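# Results of the structural survey
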Amino acid sequence: QVQLVESGGGLVQPGGSLRLSCAASGSIFNIYDMGWYRQAPGKQREAVVLITKSGGTNYADSVKGRFTISRDNAKNTVYLQMNSLNPEATAVFYCYAAATARDSPSLNIYWGQGTQVTVSS
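Below is a short write-up of the structure.

### Here we look at unusual backbone geometry
- Notably, Asn76 is not glycine yet its phi reads approximately 50°, a positive angle.
- Using a relative accessible area of 24% as the deciding quantity, one classes Asn76 as partly exposed.
- Of note in the backbone geometry, Ser84 takes a positive phi value of approximately 50° without being a glycine.
- For Ser84, the location among the structural elements is in the loop between β8 (77-82) and β9 (91-101).

### Some words on the pairing of β9
- With 10 of 11 residues buried, β9 lies mostly within the body of the structure.
- Where strand β4 (residues 28-39) meets β9, nine bridges bridge the pair, whose relative direction is antiparallel. Looking across to β9, one finds that Arg38 is bridged to Phe93.
- Note: β9 against strand β11 (residues 115-119), three bridges, orientation antiparallel. Among the inter-strand pairings, Val92 is bridged to a residue of β11, identified as Gln116.
- Across five bridges, β9 lies against strand β10 (residues 104-111) in antiparallel orientation. The residue of β10 that forms the bridge with Ala101 is Ser104.
- Counting the residues between successive antiparallel strands, the hairpin from β9 to β10 contains two residues.

About the criteria used
- Residues numbered from 1 in each chain as written.
- Predicted model: local features only at pLDDT ≥ 70, side-chain atom pairs only at ≥ 80, totals over all residues.
- Heavy atoms only, no water.
- Buried < 20%, exposed > 50% of the residue type's maximum accessible area, 1.4 Å probe, protein only.
- Helix = DSSP H or I, 4+ residues; strand = E, 2+ residues; numbered from the N terminus.
- Pairing = 2+ DSSP bridges.

Encoded structure:
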């Protein structure tokens, strides 16, 4: 199995920045796309951004120019730098990885447990 652990969430003032990290571990064979979703209070989970293994990215329009995703394939880790945060960004952020495990050749989507981001003064 593959486990994902997020870190870096917390409370930030409007206009501030946060950097989220998500590290994958376990019986990883290969990781393809990685990315982030978020779920705001009372709303459905929505896609924020993804990054391919080769570094290609796809951002939601709402975060373009303010959020930057990156990954370190050697560390099986994805990062999300979030700048110019506003209160509407308050949500639980979930990372995911499309990966194959050594004991399972099929491609599965693995999720982290989520990390709370709160933007408030």
